[in-house]
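Here is how the chains run, residue by residue.
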Amino acid sequence: MKALKPFAYLAPSSVEESLKMLAEYSGRAKVIAGGTDLIVNIRAETVTPEVLVDIERLEELRFIRVDQGGLRIGAATKIAELERSELVREMAPALHQAAGQVGAVQTRNLATIAGNLASAVPSADMAPPLIALDAEVVVRSTAGSRTIKVESLFAGPKATVLKPDELITEIIIPAASCKDPSCFLKLGRRKALTLAIVNTAVRLRLGTEGNVEDVRIALGAVAPTPIRARSAEAWLLGRKANAENFDIAAEKAAQDSKPITDFRAGAEYRRKMVRVLTRRALSLASEAGERC
Amino acid sequence: MEASVHSIEFVLNGTTVKTTVKANDTLLNVLRAQLGYTGTKRGCETGECGACTVLLDDKPVNACLVLAVKVNGRRVQTVEGLARGAELHPLQKAFIEEGALQCGFCGPGMLMSAKALLDENPNPTEEDVRRGISGNICRCTGYAKIVKAVLKAAKMMAASGGETA
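A quick note: this is a predicted structure, and the numbers were derived from the prediction, not measured.

A. Fine view of the overall build of chain A. In terms of helices and strands, chain A carries 11 helices and 14 strands. For 292 residues, the compact-globule formula gives about 19 Å, and the C-alpha radius of gyration of chain A, at 19 Å, lands near that figure. Counting only C-alpha atoms and orienting by the principal axes, one finds that chain A spans roughly 60 × 45 × 30 Å. For chain A, buried positions account for 58% of its 292 residues. Just so you have it, chain A exposes about 11900 Å², and 50% of that area is on carbon and sulfur atoms. One finds the centroid of the 41 positive side-chain charges in chain A at a distance of 5 Å from the centroid of its 35 negative side-chain charges.

B. Molecular detail of the pattern of salt bridges. All names here are of chain A. Scanning all chains against the criterion turns up 42 salt bridges over all chains. The residue Arg108 makes a salt bridge to Glu83 at a minimum N-O spacing of 3.1 Å. Of this pair, Arg108 sits in helix α6 (residues 105-110) while Glu83 sits in helix α3 (residues 79-84); the two residues are 25 residues apart in sequence, bridging distant segments of the chain. Two residues, Arg270 and Asp262, come together in a salt bridge whose shortest N-O distance is 3.0 Å. Look at the salt bridges and you will find they share partners, linking Asp134, Lys149, Asp180, Arg203, Arg205, Asp214 and Arg216 into a network.

C. Geometry of the packing of helix α3 (residues 107-120) of chain B against helix α5 (residues 144-159) of chain B. Residues and elements named next belong to chain B. At a minimum axis distance of 11 Å, the contact between α3 and α5 shows a crossing angle of 40°. Here α3 is positioned oblique relative to α5, judged by the angle of their axes. Once α3 is placed against α5, the crossing between them reads as right-handed. Contacts between α3 and α5 involve Met110, Ala114, Leu117, Leu118 and Asp119 from the former and Ile146, Val150, Ala153, Ala154 and Met157 from the latter.

D. Representation of the packing of helix α2 (residues 90-98) of chain B against α5(B) in the model. All names here are of chain B. With their axes 8 Å apart at the nearest point, α2 and α5 run at an angle of 135° to one another. Classified by the angle between their axes, α2 and α5 sit oblique to one another. Considering the relative orientation of α2 and α5, their crossing is right-handed. Of the residues in α5, those touching α2 at Pro90, Leu91, Lys93, Ala94, Phe95, Glu97 and Glu98 are Lys145, Ile146, Lys148, Ala149, Val150, Lys152, Ala153, Met156 and Met157. Residues of the contact of α2 with α5, tallied by class, amount to 10 nonpolar, no polar and 6 charged.

E. Region of the structure containing the sheet that holds strand β7 (residues 144-149) of chain A. Residue and element names in this part refer to chain A. An order of β4-β5-β10-β6-β7 is seen for the 5 strands of this open sheet, with the pairing classed as antiparallel. In this open sheet, the two strands that pair with only one neighbour each are β4 (64-67) and β7. Taking each pair of neighbouring strands and ignoring which way they run, the sheet shows an average axis angle of 25°. Bridge count between strand β6 (residues 136-141) and strand β10 (residues 167-173): 5 bridges; the pairing is antiparallel. Across the sheet, residue Val137 finds its bridge partner in β10, namely Ile171.

F. Region of the structure containing the pairing of strand β4 (residues 59-62) of chain B. Residues and elements named next belong to chain B. Alignment of strand β3 (residues 53-56) against β4, held across 4 bridges, turns out to be antiparallel. If you follow Val54 over to β4, its bridge partner there is Val61. In this antiparallel pair of consecutive strands, β3 and β4, the connection spans 2 residues, and Asp57 shows a positive phi of 50°.

G. Examining the nonpolar core more closely. The biggest cluster of nonpolar side chains holds 40 residues, and the ones touching the most others in it are Leu95(A), Leu117(A), Met126(A), Leu130(A), Ile171(A) and Ile173(A). Contributions of two or more residues to this core are made by β5 (70-74), α3, α4 (86-91), α5 (93-99), α7 (113-119), α8 (127-132), β6 and β10 of chain A. Setting aside its immediate chain neighbours within four residues, Ile173(A) contacts Gly70(A), Leu71(A), Ile73(A), Ala92(A), Leu95(A), Leu130(A), Leu133(A), Ala135(A) and Cys178(A). Grouped together as the second largest cluster of nonpolar side chains are 34 residues, Val40(A), Val21(B), Leu65(B) and Ala68(B) included.

H. Inspection of unusual backbone geometry at higher detail. Its identity as a non-glycine residue notwithstanding, Leu193(A) has a phi of 55°, on the positive side. Within the element layout of this structure, Leu193(A) appears in the loop between β11 (182-188) and β12 (196-206). Even without being glycine, Asp58(B) reaches a positive phi, approximately 75°. Inspection of the secondary structure puts Asp58(B) in the loop between β3 and β4.

I. A look at the pairing of strand β13 (residues 212-220) of chain A. Residue and element names in this part refer to chain A. Burial of β13 is extensive: 8 of the 9 residues sit out of reach of the surface. As judged from the 8 bridges shared by β12 and β13, these two strands associate in the antiparallel manner. Looking at β13, one finds that Ala201 is bridged to Ala218. In sequence, β12 turns back onto β13 through a hairpin of 5 residues, with Gly210 there showing a positive phi of about 85°. As paired strands, β13 and strand β14 (residues 227-228) are joined by 2 bridges and run antiparallel to one another. The partner of Ala218 across the bridge, within β14, is Arg228. Taking the residues that link successive antiparallel strands as the turn, the β13-β14 hairpin has 6 residues, and the phi of Ala221 there is positive, at about 75°.

J. Structural detail: the environment of Phe263(A). The topology assignment puts Phe263(A) in the loop between α10 (243-256) and α11 (267-291). Sequence separation between Phe263(A) and Thr160(A) is 103 residues, and the spatial gap between their C-alpha atoms is 24 Å.

K. Layout of the interface of chain B and chain A. Taken together, the contact between chain B and chain A spans 36 residues of the former and 34 residues of the latter. Sorting the residues of chain B by area buried against chain A places Met1(B), Leu65(B) and Lys70(B) first, and these three jointly supply 23% of that buried surface. Counting across the chain B and chain A interface gives 4 salt bridges. Taking the shortest distance from any N to any O, the salt bridge between Glu45(B) and Arg43(A) comes out at 3.6 Å. If you list the elements that add at least two residues to the side of chain B that touches chain A, you get β4, α3 and α4 (126-132) of chain B. Per-element accounting of the side of chain B that touches chain A gives the leading share, 4 residues, to β4(B). Looking at side-chain class alone, the side of chain B that touches chain A contains 11 nonpolar, 15 polar and 10 charged residues.

Reading the values: the criteria
- Residues numbered from 1 in each chain as written.
- Chains lettered and ligands numbered in written order.
- Predicted model: local features only at pLDDT ≥ 70, side-chain atom pairs only at ≥ 80, totals over all residues.
- Heavy atoms only, no water.
- Helix = DSSP H or I, 4+ residues; strand = E, 2+ residues; numbered from the N terminus.
- Rg over C-alpha atoms; globule rule 2.2 N^0.38 Å.
- Buried < 20%, exposed > 50% of the residue type's maximum accessible area, 1.4 Å probe, protein only.
- Areas by Shrake-Rupley, 256 points an atom, 1.4 Å probe, with all protein chains shown as cover.
- Lys, Arg positive; Asp, Glu negative; His and termini not counted.
- Charge placed at Lys NZ, Arg CZ, Asp CG, Glu CD.
- Salt bridge = Lys/Arg side-chain N within 4 Å of Asp/Glu carboxyl O.
- Axes fitted to C-alpha atoms, helices over the stretch in contact; angles between N-to-C directions.
- Parallel < 35°, antiparallel > 145°, perpendicular 65-115°, else oblique.
- Left-handed = near helix turned anticlockwise from the far one by under 90°.
- Contact = heavy atoms within 4.5 Å.
- Nonpolar A, V, L, I, M, F, W, Y, C, P; charged D, E, K, R; others polar.
- Pairing = 2+ DSSP bridges.
- Core = buried A, V, L, I, M, F, W, Y, C linked by side-chain atoms within 4.5 Å.
- Buried area = accessible area lost by both parts, 1.4 Å probe.

Structure, rendered in C-alpha coordinates:
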(Lines give C-alpha, C1' and ligand atoms only; values in the text may rest on other atoms or scores of the structure.)
Protein backbone atom coordinates (compact mmCIF):
# COMPACT_ATOMS: atom_id res chain seq x y z
CA MET A 1 0.00 0.00 0.00
CA LYS A 2 1.38 3.38 -0.93
CA ALA A 3 0.01 6.58 0.52
CA LEU A 4 -0.36 9.59 -1.74
CA LYS A 5 2.10 12.39 -0.96
CA PRO A 6 0.21 15.15 0.84
CA PHE A 7 -1.40 18.07 -0.96
CA ALA A 8 -4.06 20.66 -0.27
CA TYR A 9 -7.50 19.99 -1.80
CA LEU A 10 -9.58 22.87 -3.08
CA ALA A 11 -13.15 22.62 -4.37
CA PRO A 12 -14.03 25.78 -6.32
CA SER A 13 -17.71 26.41 -6.91
CA SER A 14 -17.30 27.93 -10.36
CA VAL A 15 -14.99 27.96 -13.37
CA GLU A 16 -14.09 31.57 -12.52
CA GLU A 17 -12.99 30.52 -9.06
CA SER A 18 -10.98 27.59 -10.37
CA LEU A 19 -9.14 29.85 -12.84
CA LYS A 20 -8.22 32.20 -10.01
CA MET A 21 -6.90 29.28 -7.99
CA LEU A 22 -4.85 27.98 -10.91
CA ALA A 23 -3.37 31.45 -11.41
CA GLU A 24 -2.61 31.88 -7.72
CA TYR A 25 -0.85 28.53 -7.40
CA SER A 26 0.57 28.56 -10.90
CA GLY A 27 2.76 25.53 -11.46
CA ARG A 28 2.16 24.13 -7.98
CA ALA A 29 -1.46 23.19 -8.59
CA LYS A 30 -3.02 20.56 -10.79
CA VAL A 31 -6.58 20.22 -11.97
CA ILE A 32 -8.36 17.06 -10.81
CA ALA A 33 -11.54 15.74 -12.36
CA GLY A 34 -12.03 11.96 -12.39
CA GLY A 35 -8.48 11.35 -11.22
CA THR A 36 -8.09 8.07 -13.11
CA ASP A 37 -4.77 9.21 -14.52
CA LEU A 38 -3.72 11.87 -11.99
CA ILE A 39 -4.12 9.77 -8.82
CA VAL A 40 -2.08 6.98 -10.40
CA ASN A 41 0.66 9.49 -11.26
CA ILE A 42 0.62 11.04 -7.78
CA ARG A 43 0.92 7.59 -6.24
CA ALA A 44 3.84 6.79 -8.55
CA GLU A 45 5.31 10.21 -7.74
CA THR A 46 5.71 11.12 -11.39
CA VAL A 47 3.84 14.30 -10.47
CA THR A 48 3.92 16.03 -7.08
CA PRO A 49 1.29 18.76 -6.96
CA GLU A 50 1.02 20.81 -3.80
CA VAL A 51 -2.57 21.74 -4.54
CA LEU A 52 -5.43 19.99 -6.34
CA VAL A 53 -8.21 22.10 -7.82
CA ASP A 54 -11.28 19.90 -8.18
CA ILE A 55 -13.50 20.70 -11.16
CA GLU A 56 -15.27 17.34 -11.32
CA ARG A 57 -18.66 18.50 -10.02
CA LEU A 58 -18.85 21.91 -11.75
CA GLU A 59 -22.17 21.76 -13.60
CA GLU A 60 -20.93 24.49 -15.97
CA LEU A 61 -18.47 21.93 -17.36
CA ARG A 62 -20.88 19.01 -17.72
CA PHE A 63 -23.07 19.14 -20.82
CA ILE A 64 -23.64 17.65 -24.24
CA ARG A 65 -25.56 19.97 -26.51
CA VAL A 66 -26.19 20.71 -30.14
CA ASP A 67 -25.17 24.18 -31.27
CA GLN A 68 -25.89 25.28 -34.85
CA GLY A 69 -25.63 21.70 -36.07
CA GLY A 70 -22.39 21.00 -34.24
CA LEU A 71 -21.77 19.32 -30.90
CA ARG A 72 -20.45 21.05 -27.76
CA ILE A 73 -19.29 18.90 -24.87
CA GLY A 74 -18.33 20.20 -21.44
CA ALA A 75 -14.81 19.33 -20.34
CA ALA A 76 -15.89 17.46 -17.21
CA THR A 77 -18.47 15.31 -19.00
CA LYS A 78 -17.91 11.72 -17.95
CA ILE A 79 -16.86 9.27 -20.62
CA ALA A 80 -19.75 7.06 -19.44
CA GLU A 81 -22.09 9.96 -20.25
CA LEU A 82 -20.69 10.13 -23.79
CA GLU A 83 -21.31 6.39 -24.09
CA ARG A 84 -24.96 6.78 -23.05
CA SER A 85 -25.62 9.84 -25.22
CA GLU A 86 -27.86 9.44 -28.27
CA LEU A 87 -26.56 12.77 -29.58
CA VAL A 88 -22.97 11.56 -29.49
CA ARG A 89 -23.95 8.25 -31.03
CA GLU A 90 -25.66 9.90 -34.00
CA MET A 91 -23.49 12.96 -34.53
CA ALA A 92 -20.02 11.69 -33.62
CA PRO A 93 -20.00 7.90 -34.06
CA ALA A 94 -16.21 7.57 -33.79
CA LEU A 95 -16.29 9.41 -30.45
CA HIS A 96 -19.15 7.24 -29.23
CA GLN A 97 -17.32 4.07 -30.19
CA ALA A 98 -14.16 5.28 -28.42
CA ALA A 99 -16.10 6.21 -25.29
CA GLY A 100 -17.25 2.62 -24.92
CA GLN A 101 -13.67 1.34 -24.99
CA VAL A 102 -11.85 3.56 -22.51
CA GLY A 103 -10.65 1.42 -19.62
CA ALA A 104 -13.65 -0.38 -18.22
CA VAL A 105 -17.00 0.43 -16.60
CA GLN A 106 -15.41 1.85 -13.44
CA THR A 107 -12.93 4.02 -15.35
CA ARG A 108 -15.64 5.48 -17.55
CA ASN A 109 -17.74 6.49 -14.54
CA LEU A 110 -14.89 8.67 -13.25
CA ALA A 111 -12.85 9.72 -16.29
CA THR A 112 -13.73 12.84 -18.27
CA ILE A 113 -13.37 13.73 -21.94
CA ALA A 114 -10.98 16.62 -21.29
CA GLY A 115 -9.02 14.68 -18.69
CA ASN A 116 -8.27 12.05 -21.30
CA LEU A 117 -6.93 14.77 -23.62
CA ALA A 118 -5.04 16.66 -20.90
CA SER A 119 -3.25 13.52 -19.72
CA ALA A 120 -1.89 13.41 -23.29
CA VAL A 121 -0.98 9.75 -23.18
CA PRO A 122 -0.13 8.89 -26.82
CA SER A 123 -2.73 6.12 -26.74
CA ALA A 124 -5.52 8.36 -25.35
CA ASP A 125 -8.72 6.98 -26.82
CA MET A 126 -10.52 10.32 -27.04
CA ALA A 127 -7.79 11.85 -29.23
CA PRO A 128 -8.07 10.05 -32.60
CA PRO A 129 -11.86 10.49 -32.88
CA LEU A 130 -11.72 14.16 -31.91
CA ILE A 131 -8.87 14.76 -34.37
CA ALA A 132 -10.81 12.94 -37.12
CA LEU A 133 -13.84 15.10 -36.29
CA ASP A 134 -11.78 18.33 -36.61
CA ALA A 135 -12.63 19.12 -33.00
CA GLU A 136 -11.32 22.08 -31.04
CA VAL A 137 -10.94 22.67 -27.32
CA VAL A 138 -11.75 25.92 -25.59
CA VAL A 139 -9.07 26.78 -23.06
CA ARG A 140 -9.49 29.45 -20.40
CA SER A 141 -7.31 31.21 -17.86
CA THR A 142 -7.57 34.46 -15.92
CA ALA A 143 -5.81 36.03 -18.93
CA GLY A 144 -8.61 35.12 -21.33
CA SER A 145 -9.64 32.31 -23.59
CA ARG A 146 -8.35 30.60 -26.73
CA THR A 147 -9.32 27.67 -28.94
CA ILE A 148 -6.88 24.97 -29.96
CA LYS A 149 -7.49 22.26 -32.53
CA VAL A 150 -7.20 18.90 -30.81
CA GLU A 151 -4.62 17.81 -33.37
CA SER A 152 -2.43 20.72 -32.20
CA LEU A 153 -2.98 20.16 -28.49
CA PHE A 154 -0.23 17.62 -27.93
CA ALA A 155 3.45 18.48 -27.51
CA GLY A 156 4.85 15.05 -26.75
CA PRO A 157 4.17 11.99 -24.61
CA LYS A 158 2.11 13.14 -21.61
CA ALA A 159 2.61 16.77 -22.61
CA THR A 160 0.21 19.33 -23.99
CA VAL A 161 0.69 22.92 -25.11
CA LEU A 162 -1.39 24.10 -22.13
CA LYS A 163 0.14 26.50 -19.62
CA PRO A 164 -0.04 25.48 -15.94
CA ASP A 165 -2.84 27.95 -15.18
CA GLU A 166 -5.00 26.98 -18.18
CA LEU A 167 -8.15 24.89 -18.07
CA ILE A 168 -9.92 23.11 -20.91
CA THR A 169 -13.59 24.08 -20.56
CA GLU A 170 -15.24 22.51 -23.57
CA ILE A 171 -14.81 20.51 -26.75
CA ILE A 172 -16.44 21.69 -29.96
CA ILE A 173 -17.16 19.40 -32.90
CA PRO A 174 -18.06 21.42 -36.01
CA ALA A 175 -21.39 20.91 -37.78
CA ALA A 176 -19.71 19.78 -41.01
CA SER A 177 -18.15 16.80 -39.24
CA CYS A 178 -21.43 15.75 -37.67
CA LYS A 179 -22.96 14.73 -40.97
CA ASP A 180 -20.13 12.40 -41.99
CA PRO A 181 -19.78 8.73 -41.11
CA SER A 182 -16.87 8.06 -38.79
CA CYS A 183 -15.39 4.98 -37.14
CA PHE A 184 -13.03 4.22 -34.27
CA LEU A 185 -11.16 0.96 -33.73
CA LYS A 186 -8.90 0.01 -30.84
CA LEU A 187 -6.47 -2.88 -30.61
CA GLY A 188 -5.51 -3.80 -27.07
CA ARG A 189 -4.08 -6.74 -25.22
CA ARG A 190 -7.60 -7.65 -24.13
CA LYS A 191 -11.13 -6.42 -24.72
CA ALA A 192 -11.26 -4.08 -21.74
CA LEU A 193 -8.96 -2.55 -19.12
CA THR A 194 -6.20 -2.00 -21.65
CA LEU A 195 -4.36 0.90 -23.19
CA ALA A 196 -4.38 0.79 -26.97
CA ILE A 197 -1.55 -0.91 -28.81
CA VAL A 198 -2.91 1.00 -31.80
CA ASN A 199 -6.08 3.03 -32.07
CA THR A 200 -7.50 4.58 -35.22
CA ALA A 201 -10.31 6.94 -36.11
CA VAL A 202 -11.47 7.87 -39.59
CA ARG A 203 -14.06 10.27 -40.93
CA LEU A 204 -15.16 9.90 -44.53
CA ARG A 205 -17.25 12.10 -46.78
CA LEU A 206 -18.36 10.34 -49.93
CA GLY A 207 -19.53 12.07 -53.08
CA THR A 208 -22.52 10.93 -55.17
CA GLU A 209 -20.14 9.15 -57.58
CA GLY A 210 -18.69 7.13 -54.70
CA ASN A 211 -15.43 9.04 -54.51
CA VAL A 212 -13.79 10.36 -51.37
CA GLU A 213 -14.66 14.05 -51.02
CA ASP A 214 -12.98 14.46 -47.66
CA VAL A 215 -11.16 12.15 -45.28
CA ARG A 216 -9.40 12.25 -41.93
CA ILE A 217 -7.31 9.39 -40.59
CA ALA A 218 -6.11 9.79 -36.99
CA LEU A 219 -3.77 7.36 -35.26
CA GLY A 220 -2.93 6.88 -31.60
CA ALA A 221 -0.21 4.98 -29.76
CA VAL A 222 2.10 4.94 -32.79
CA ALA A 223 3.94 8.25 -32.41
CA PRO A 224 4.96 10.58 -29.55
CA THR A 225 1.50 12.14 -29.86
CA PRO A 226 -1.78 11.21 -31.57
CA ILE A 227 -1.30 12.12 -35.25
CA ARG A 228 -3.04 12.49 -38.56
CA ALA A 229 -1.95 10.16 -41.32
CA ARG A 230 -1.59 13.07 -43.73
CA SER A 231 0.00 11.34 -46.70
CA ALA A 232 -2.66 8.65 -46.52
CA GLU A 233 -5.38 11.31 -46.45
CA ALA A 234 -3.81 13.22 -49.35
CA TRP A 235 -3.52 10.10 -51.45
CA LEU A 236 -7.09 8.94 -50.82
CA LEU A 237 -8.71 12.33 -51.48
CA GLY A 238 -10.69 12.28 -54.72
CA ARG A 239 -10.23 8.57 -55.35
CA LYS A 240 -12.96 5.95 -55.46
CA ALA A 241 -14.02 4.56 -52.10
CA ASN A 242 -13.26 0.89 -52.65
CA ALA A 243 -11.38 -1.89 -50.91
CA GLU A 244 -8.26 -1.61 -53.05
CA ASN A 245 -7.88 2.12 -52.46
CA PHE A 246 -8.60 1.75 -48.77
CA ASP A 247 -5.82 -0.80 -48.53
CA ILE A 248 -3.32 1.46 -50.31
CA ALA A 249 -4.31 4.36 -48.09
CA ALA A 250 -3.99 2.10 -45.05
CA GLU A 251 -0.46 1.14 -46.08
CA LYS A 252 0.41 4.84 -46.38
CA ALA A 253 -1.06 5.41 -42.93
CA ALA A 254 1.26 2.70 -41.63
CA GLN A 255 4.17 4.56 -43.20
CA ASP A 256 2.97 7.80 -41.57
CA SER A 257 3.20 6.18 -38.16
CA LYS A 258 6.33 6.14 -36.00
CA PRO A 259 5.68 3.40 -33.46
CA ILE A 260 8.10 2.28 -30.79
CA THR A 261 8.67 -1.12 -29.26
CA ASP A 262 7.56 -1.33 -25.65
CA PHE A 263 6.31 -4.00 -23.30
CA ARG A 264 2.89 -3.96 -24.95
CA ALA A 265 3.95 -4.57 -28.55
CA GLY A 266 6.77 -4.31 -31.07
CA ALA A 267 7.10 -1.42 -33.49
CA GLU A 268 6.82 -3.64 -36.54
CA TYR A 269 3.62 -5.26 -35.27
CA ARG A 270 2.13 -1.84 -34.48
CA ARG A 271 2.93 -0.62 -37.97
CA LYS A 272 1.22 -3.66 -39.49
CA MET A 273 -1.79 -3.15 -37.24
CA VAL A 274 -2.06 0.51 -38.31
CA ARG A 275 -2.64 -0.79 -41.81
CA VAL A 276 -5.20 -3.39 -40.66
CA LEU A 277 -7.16 -1.02 -38.42
CA THR A 278 -7.11 1.85 -40.91
CA ARG A 279 -8.34 -0.38 -43.72
CA ARG A 280 -11.12 -1.79 -41.54
CA ALA A 281 -12.14 1.61 -40.20
CA LEU A 282 -12.35 3.10 -43.72
CA SER A 283 -14.42 0.12 -44.84
CA LEU A 284 -16.79 0.37 -41.86
CA ALA A 285 -17.18 4.11 -42.26
CA SER A 286 -17.99 3.80 -45.96
CA GLU A 287 -20.58 1.08 -45.26
CA ALA A 288 -22.15 3.30 -42.61
CA GLY A 289 -22.17 6.15 -45.13
CA GLU A 290 -24.02 4.07 -47.69
CA ARG A 291 -26.67 3.15 -45.13
CA CYS A 292 -27.45 6.80 -44.33
CA MET B 1 3.73 19.95 2.83
CA GLU B 2 0.78 19.20 5.03
CA ALA B 3 -2.37 17.68 3.65
CA SER B 4 -5.48 19.78 4.14
CA VAL B 5 -8.03 18.27 6.52
CA HIS B 6 -11.72 18.02 5.71
CA SER B 7 -14.89 17.06 7.55
CA ILE B 8 -17.08 14.94 5.36
CA GLU B 9 -20.57 13.56 5.68
CA PHE B 10 -21.86 10.90 3.34
CA VAL B 11 -24.33 8.05 3.19
CA LEU B 12 -22.66 4.64 3.49
CA ASN B 13 -24.88 1.64 2.85
CA GLY B 14 -27.92 3.70 3.74
CA THR B 15 -26.55 5.24 6.94
CA THR B 16 -25.11 8.73 7.35
CA VAL B 17 -21.46 8.76 8.33
CA LYS B 18 -19.50 11.77 9.56
CA THR B 19 -15.76 11.65 9.65
CA THR B 20 -12.60 13.66 9.13
CA VAL B 21 -10.24 12.88 6.30
CA LYS B 22 -6.98 14.21 4.92
CA ALA B 23 -6.94 15.50 1.35
CA ASN B 24 -4.66 12.66 0.26
CA ASP B 25 -6.77 9.87 1.79
CA THR B 26 -8.45 7.68 -0.80
CA LEU B 27 -11.97 6.36 -0.32
CA LEU B 28 -10.46 2.87 -0.24
CA ASN B 29 -8.23 3.74 2.72
CA VAL B 30 -10.97 5.53 4.62
CA LEU B 31 -13.44 2.66 4.12
CA ARG B 32 -10.97 0.00 5.21
CA ALA B 33 -8.71 1.59 7.81
CA GLN B 34 -10.75 4.42 9.19
CA LEU B 35 -14.29 3.05 9.09
CA GLY B 36 -13.49 -0.65 9.38
CA TYR B 37 -15.27 -1.75 6.19
CA THR B 38 -12.67 -4.22 4.99
CA GLY B 39 -14.96 -5.97 2.50
CA THR B 40 -13.64 -3.73 -0.27
CA LYS B 41 -10.24 -5.05 -1.29
CA ARG B 42 -6.94 -3.40 -2.23
CA GLY B 43 -5.61 -4.96 -5.45
CA CYS B 44 -3.52 -2.93 -7.87
CA GLU B 45 -4.23 0.62 -6.60
CA THR B 46 -4.07 1.84 -10.21
CA GLY B 47 -7.68 1.25 -11.28
CA GLU B 48 -6.75 -1.78 -13.36
CA CYS B 49 -8.19 -4.73 -11.42
CA GLY B 50 -11.56 -3.73 -9.94
CA ALA B 51 -10.98 -5.39 -6.55
CA CYS B 52 -11.78 -2.05 -4.90
CA THR B 53 -15.05 -1.49 -6.77
CA VAL B 54 -17.74 0.32 -4.78
CA LEU B 55 -20.86 2.12 -5.95
CA LEU B 56 -20.71 5.91 -5.83
CA ASP B 57 -24.18 7.37 -6.43
CA ASP B 58 -25.11 3.93 -7.82
CA LYS B 59 -22.21 3.83 -10.32
CA PRO B 60 -19.28 1.39 -10.03
CA VAL B 61 -15.97 3.16 -9.47
CA ASN B 62 -12.49 2.22 -8.29
CA ALA B 63 -12.28 3.37 -4.67
CA CYS B 64 -8.47 3.46 -4.94
CA LEU B 65 -8.77 6.39 -7.36
CA VAL B 66 -11.42 8.41 -5.50
CA LEU B 67 -10.22 10.90 -2.91
CA ALA B 68 -12.31 10.44 0.22
CA VAL B 69 -13.03 14.15 0.43
CA LYS B 70 -14.86 13.90 -2.89
CA VAL B 71 -17.66 11.71 -1.47
CA ASN B 72 -18.95 14.46 0.80
CA GLY B 73 -22.71 14.67 0.33
CA ARG B 74 -22.85 11.56 -1.83
CA ARG B 75 -23.90 7.93 -1.50
CA VAL B 76 -21.50 5.02 -1.27
CA GLN B 77 -22.45 1.35 -1.30
CA THR B 78 -20.01 -1.44 -0.43
CA VAL B 79 -20.34 -5.22 -0.33
CA GLU B 80 -21.25 -4.99 3.35
CA GLY B 81 -24.45 -3.27 2.30
CA LEU B 82 -25.72 -6.02 0.04
CA ALA B 83 -27.26 -8.27 2.67
CA ARG B 84 -30.31 -7.14 4.64
CA GLY B 85 -29.41 -8.40 8.09
CA ALA B 86 -29.15 -12.17 7.75
CA GLU B 87 -30.88 -12.18 4.37
CA LEU B 88 -28.26 -12.36 1.61
CA HIS B 89 -28.70 -10.46 -1.65
CA PRO B 90 -29.71 -12.72 -4.58
CA LEU B 91 -26.26 -12.10 -6.08
CA GLN B 92 -24.59 -13.41 -2.95
CA LYS B 93 -26.88 -16.45 -2.91
CA ALA B 94 -26.23 -17.12 -6.59
CA PHE B 95 -22.44 -16.78 -6.18
CA ILE B 96 -22.57 -19.36 -3.39
CA GLU B 97 -24.91 -21.74 -5.24
CA GLU B 98 -22.92 -21.57 -8.48
CA GLY B 99 -19.49 -21.80 -6.82
CA ALA B 100 -18.44 -18.48 -8.34
CA LEU B 101 -15.68 -17.83 -5.79
CA GLN B 102 -12.36 -19.59 -5.25
CA CYS B 103 -10.00 -17.38 -3.28
CA GLY B 104 -12.76 -14.81 -3.06
CA PHE B 105 -10.56 -11.73 -3.43
CA CYS B 106 -12.30 -10.43 -6.56
CA GLY B 107 -15.67 -11.22 -5.02
CA PRO B 108 -16.70 -7.95 -3.38
CA GLY B 109 -15.77 -5.94 -6.48
CA MET B 110 -17.52 -8.44 -8.76
CA LEU B 111 -20.67 -8.31 -6.64
CA MET B 112 -20.78 -4.51 -6.71
CA SER B 113 -20.26 -4.34 -10.48
CA ALA B 114 -22.89 -7.06 -10.94
CA LYS B 115 -25.35 -5.25 -8.67
CA ALA B 116 -24.96 -2.04 -10.67
CA LEU B 117 -25.47 -4.00 -13.90
CA LEU B 118 -28.65 -5.71 -12.70
CA ASP B 119 -30.07 -2.52 -11.19
CA GLU B 120 -29.73 -0.84 -14.58
CA ASN B 121 -30.45 -3.87 -16.77
CA PRO B 122 -32.57 -6.48 -14.96
CA ASN B 123 -32.57 -8.83 -17.94
CA PRO B 124 -29.00 -8.92 -19.27
CA THR B 125 -27.64 -11.21 -21.94
CA GLU B 126 -24.43 -13.13 -21.27
CA GLU B 127 -22.66 -10.49 -23.38
CA ASP B 128 -24.13 -7.75 -21.18
CA VAL B 129 -22.88 -9.51 -18.06
CA ARG B 130 -19.38 -9.98 -19.45
CA ARG B 131 -19.28 -6.32 -20.36
CA GLY B 132 -20.67 -5.33 -16.97
CA ILE B 133 -17.88 -7.12 -15.12
CA SER B 134 -15.17 -6.26 -17.67
CA GLY B 135 -13.51 -4.01 -15.10
CA ASN B 136 -13.12 -6.82 -12.57
CA ILE B 137 -10.26 -9.25 -12.97
CA CYS B 138 -10.37 -12.76 -11.49
CA ARG B 139 -7.21 -14.86 -11.31
CA CYS B 140 -8.88 -18.05 -10.15
CA THR B 141 -12.16 -18.92 -11.79
CA GLY B 142 -11.98 -18.16 -15.50
CA TYR B 143 -15.21 -16.13 -15.06
CA ALA B 144 -17.64 -18.84 -16.31
CA LYS B 145 -19.30 -19.48 -12.94
CA ILE B 146 -19.32 -15.78 -12.11
CA VAL B 147 -21.24 -15.06 -15.31
CA LYS B 148 -23.60 -17.96 -14.62
CA ALA B 149 -24.18 -16.68 -11.09
CA VAL B 150 -25.02 -13.18 -12.26
CA LEU B 151 -27.50 -14.53 -14.82
CA LYS B 152 -29.03 -16.73 -12.14
CA ALA B 153 -29.32 -13.78 -9.75
CA ALA B 154 -31.11 -11.83 -12.49
CA LYS B 155 -33.70 -14.60 -12.76
CA MET B 156 -34.04 -14.79 -8.97
CA MET B 157 -34.58 -11.03 -8.75
CA ALA B 158 -37.12 -11.04 -11.58
CA ALA B 159 -39.02 -13.91 -9.93
CA SER B 160 -39.23 -12.09 -6.62
CA GLY B 161 -40.76 -9.07 -8.35
CA GLY B 162 -37.73 -6.89 -8.93
CA GLU B 163 -36.67 -4.59 -6.09
CA THR B 164 -34.46 -6.23 -3.49
CA ALA B 165 -31.57 -3.97 -2.46
